[in-house]
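Residue strings, one per chain:
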Amino acid sequence: MSSSFFQEQSLTWDTLQPQLTITEAPILPLDFWTLQPTAQKALSLFLQHSARSVMMLKADDKADYAELLIPLVRQMLPEERSILGVNYSVAQGDSFSFPQISVEPAKSPEDNFAGRGEVLTALYCDQFQLFGNVKVHPSSQDILLTPGLIHQANGGVLIIDSATLLAQFDLWQRLKHILQTQRFDWYSAHPFKALPCEIPSYSLNTKVIVLGNRTELATLGELDEDLYRFADYAEIESYLSMADMKEQKNWIGYVQNLAKESGVTLDFSSFHKLYQLLVRESENRFLINSSPTVLKNMLLNAATFSQKTFLSAVDFEAVFQQQARQHGFLREQTYADILNEQVYVETDGEIVGQVNGLSVIEYPGTPVKFGEPSRISCIVQFGEGEVVDVERKNELAGNLHSKGMMIAQACLSNILELPSQLPFSASLVFEQSYGEIDGDSASLAIFCVLVSALSDLPLPQHIAITGSIDQFGLIHAVGGVNDKIEGFFTICKRRGLSGKQGVIIPATTIQQLSLSDEVVSAVKNGEFFIFPVEDIYQACELIFQRDLVMEEDKIYEENKTPISRLIQQRIDFRAEPVKKSLFNFFRF
């Protein structure tokens, strides 16, 4: 394949990294809640609704979001708040009488159970911190009532963590009862020990916001089937839309606000680089992580590493490279095995029935994630139609991998119009794979290697393939495309770029691309190529340089015979009965 063909079929370098459409930063910094209008509106409605007392708020960074919620909720509550709650008077008992406790409405903030509509937060608390406590002096037997968070937030809002309620589920059951009845009753903390005396209950009007990630809230919902009949639900969106200029402008304003709080200043190139790094994490140019924790860490890491307070794109790129080196030991050992040929991966020449697939490697217990090429091979024997997935046979593959294998087989049978009982047997292997594999992102590579083995056409080893296919041959998006491309690029570069190497990816993953500067530079210089394909017809035309199926009214040269015709010829040849000679009759 000529370099001009590569240039025509591949992506241009300027499409490999996302760019903001906005050309200058807004003047006014914006706060976090400008980016969360839906959550902000939901909170406002919840606080105004007199009959609703608890909201489940999906939030991932609970500590940061709790701090951000306090000023927002205070702003939404009425400025003038009356004194709520009660004042307990305790007449201590003696050896001849029990203590007597009376209650009257609170008249001043100094009353022991008075509340003034405060907004309180407690990401962890026990039953005494939450519901108060009845303390009895060990010698005098005097009684002291201490208020809990639920009392202090009377007329206001209490923000708590769902993890606390899951760890101590009885807290949730009692809290739910209080919120439903709007009344606080005293109970003994000891299941077999009564209260020292009768303690009057009193009315309580507190709203509770429960912060939790999706898993925690789902677990709470399983434990309490009636949860959402009683509770409102809203989400602090984990990812921010960047589809239009207004959304990008709001995001930049928010980053400016965080930078100001962190004591740093950003030039405009910094926003582009931050955006590109966030796209690498989200794998979506239209959605990026909105977490204040993530952004603060990126800003402070760049400031610490560069020892500067005025930051540019260069500073963020330097931190990215440093973290790649910092996390890179396992990745480098994996690549060294390939370069030292302990793991065989060819990046030059052509071979029948072998292709470079692309996978993402993750090591549990570490933040390490990187792309690695893996050799997929196929051997075909004409037989009873069984396609043996060696990984599955040895229980080294998951269900999604098996699904992709079956889809590739069904797709080939459908397109080539083969009978349901395939007239061949094949074995497919991920060579030198010693751990579990899963996912269907190799189904395009499996299809191509199966076609190669059937048609006896070689596959170029300088092209690696990733993509998921359906039964009709359409190619769908896969995850980890940036890591996969960079993994194959690294191997090719360290062996020496030939000007022919590249990667085939689904066209639908273009919006996921946010590649490293090194890959972009190689594509710009014509040393590496990235080919987007929409279906298997495009993929086969690209790697085999011929049509997959025969088109009507098209005349083919002998060296451009369609792949389906070559496969059918081989099948027909093997199906012909062998002519027996006289010599055959005398063979034993």
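Our subject is the structure listed above.
Read on for a plain summary of the structure.

Here is what the cut-offs are and how they apply
- Residues numbered from 1 in each chain as written.
- Predicted model: local features only at pLDDT ≥ 70, side-chain atom pairs only at ≥ 80, totals over all residues.
- Heavy atoms only, no water.
- Salt bridge = Lys/Arg side-chain N within 4 Å of Asp/Glu carboxyl O.
- Helix = DSSP H or I, 4+ residues; strand = E, 2+ residues; numbered from the N terminus.
- Pairing = 2+ DSSP bridges.
- Axes fitted to C-alpha atoms, helices over the stretch in contact; angles between N-to-C directions.
- Contact = heavy atoms within 4.5 Å.
- Expected span 1.5 Å × (residues − 1).
- Bend = angle between axes of the 7 residues up to and from the residue.
- Buried < 20%, exposed > 50% of the residue type's maximum accessible area, 1.4 Å probe, protein only.
- Parallel < 35°, antiparallel > 145°, perpendicular 65-115°, else oblique.
- Left-handed = near helix turned anticlockwise from the far one by under 90°.
- Nonpolar A, V, L, I, M, F, W, Y, C, P; charged D, E, K, R; others polar.

Details of the pattern of salt bridges
Thinking step 1. The full count for this structure, using the stated rule, is 16 salt bridges.
Thinking step 2. Across the pair R494 and E332 runs a salt bridge whose closest N-O atoms are separated by 2.8 Å. Of this pair, R494 sits in helix 18 (residues 481-495) while E332 sits in helix 14 (residues 329-339), and the two are 162 residues apart along the sequence.
Thinking step 3. With a closest N to O distance of 3.8 Å, K369 and D483 form a salt bridge. Residue K369 is found in strand 19 (residues 369-381), and its partner D483 is found in helix 18; the two are separated by 114 residues along the sequence.

Some thoughts on the pairing of strand 18 (residues 354-362)
Thinking step 1. Where strand 18 meets strand 19, nine bridges bridge the pair, whose relative direction is antiparallel. Bridge pairing links I361 to F370 in strand 19.
Thinking step 2. The hairpin formed by strand 18 and strand 19 contains six residues between the paired strands, and G365 there has a positive phi angle of roughly 85°.
Thinking step 3. Sheet topology note: the strand 18/strand 23 (residues 463-465) ladder contains two bridges and is parallel.

Section: the sheet that holds strand 11 (residues 207-212)
Thinking step 1. Ordered in space as 5-8-11-1-12, the five strands form an open sheet in which the pairing is parallel. Each end of this open sheet is capped by a strand with a single partner; those strands are strand 5 (119-122) and strand 12 (232-235). Along the sheet, successive strands turn relative to each other by an average axial angle of 20°, direction set aside.
Thinking step 2. Running over the sheet, helix 2 (residues 37-48) touches strand 1 (54-58), strand 8 (157-161), strand 11 and strand 12 and is turned about 150° from strand 11.

Looking at the sheet that holds strand 2 (residues 84-91)
Thinking step 1. The strand order across the open sheet formed by three strands is 3-2-4, and the pairing between neighbours is antiparallel. A strand with exactly one partner marks an edge of an open sheet, and here the two such strands are strand 3 (100-105) and strand 4 (113-115). When strand polarity is set aside, the average angle formed by the axes of neighbouring strands in this sheet is 20°.

Points about helix 3 (residues 62-76)
Thinking step 1. The end-to-end C-alpha separation of helix 3 is 20 Å, in line with the 21 Å expected for 15 residues at 1.5 Å each.
Thinking step 2. Approximately 25° is the largest bend angle found in helix 3, and it occurs at L69, with the proline P71 only one to four residues beyond.
Thinking step 3. Every buried residue of helix 3 is accounted for by K62, Y65, A66, L69, I70, L72 and V73.

What to know about unusual backbone geometry
Thinking step 1. The backbone of Q182 sits at a positive phi, close to 55°, despite the residue not being glycine.
Thinking step 2. Its location among the elements puts Q182 in the loop between helix 7 (169-181) and strand 9 (183-184).
Thinking step 3. Residue class for Q182 comes out partly exposed when judged on its relative accessible area of 35%.
Thinking step 4. We note that D456 has phi near 60°; this positive angle belongs to a residue other than glycine.
Thinking step 5. Position of D456 among the secondary structure elements: in the loop between helix 17 (443-455) and strand 22 (458-460).

Re the packing of helix 18 against helix 19 (residues 517-524)
Thinking step 1. Running from N to C, helix 18 and helix 19 point in directions that differ by 65°, and their axes come no closer than 10 Å. If you check the angle between helix 18 and helix 19, you find them roughly perpendicular. Like other packed secondary-structure pairs, helix 18 and helix 19 cross with a definite hand, here left-handed. Of helix 19, the residues touching helix 18 (which contributes I485, E486, F489 and K493) are E518, V519 and A522.
Thinking step 2. Residue composition of the contact of helix 18 with helix 19, grouped by class: four nonpolar, no polar and three charged.

Structural notes on the environment of T490
Thinking step 1. Mapped onto the secondary structure, T490 falls in helix 18.
Thinking step 2. For T490, a relative accessible area of 17% corresponds to the buried category.
Thinking step 3. Along the sequence, T490 and F316 sit 174 residues apart, while their C-alpha atoms lie 21 Å from each other.

Quick look at the side chain of N482
Thinking step 1. Looking at where N482 falls in the secondary structure, it is placed in helix 18.
Thinking step 2. Accessibility expressed as a relative area gives 2% for N482, which makes it buried.
Thinking step 3. When near neighbours in sequence (up to four residues on either side) are disregarded, N482 contacts R280, Q512, L513, S514 and L515.

Some words on the packing of helix 10 (residues 245-262) against helix 11 (residues 268-282)
Thinking step 1. Across the interface, helix 10 lies against helix 11 with an axial gap of 11 Å and an inter-helix angle of 105°. On the basis of their axis angle, the class for helix 10 and helix 11 is roughly perpendicular. In this structure, helix 10 uses W251, I252, V255 and Q256 to contact helix 11, whose residues at the interface are F268, F271, L274, Y275 and L278.
Thinking step 2. Split by residue class, the contact of helix 10 with helix 11 holds eight nonpolar, one polar and no charged.

None of the figures reported here should be taken as evidence of function without further support.
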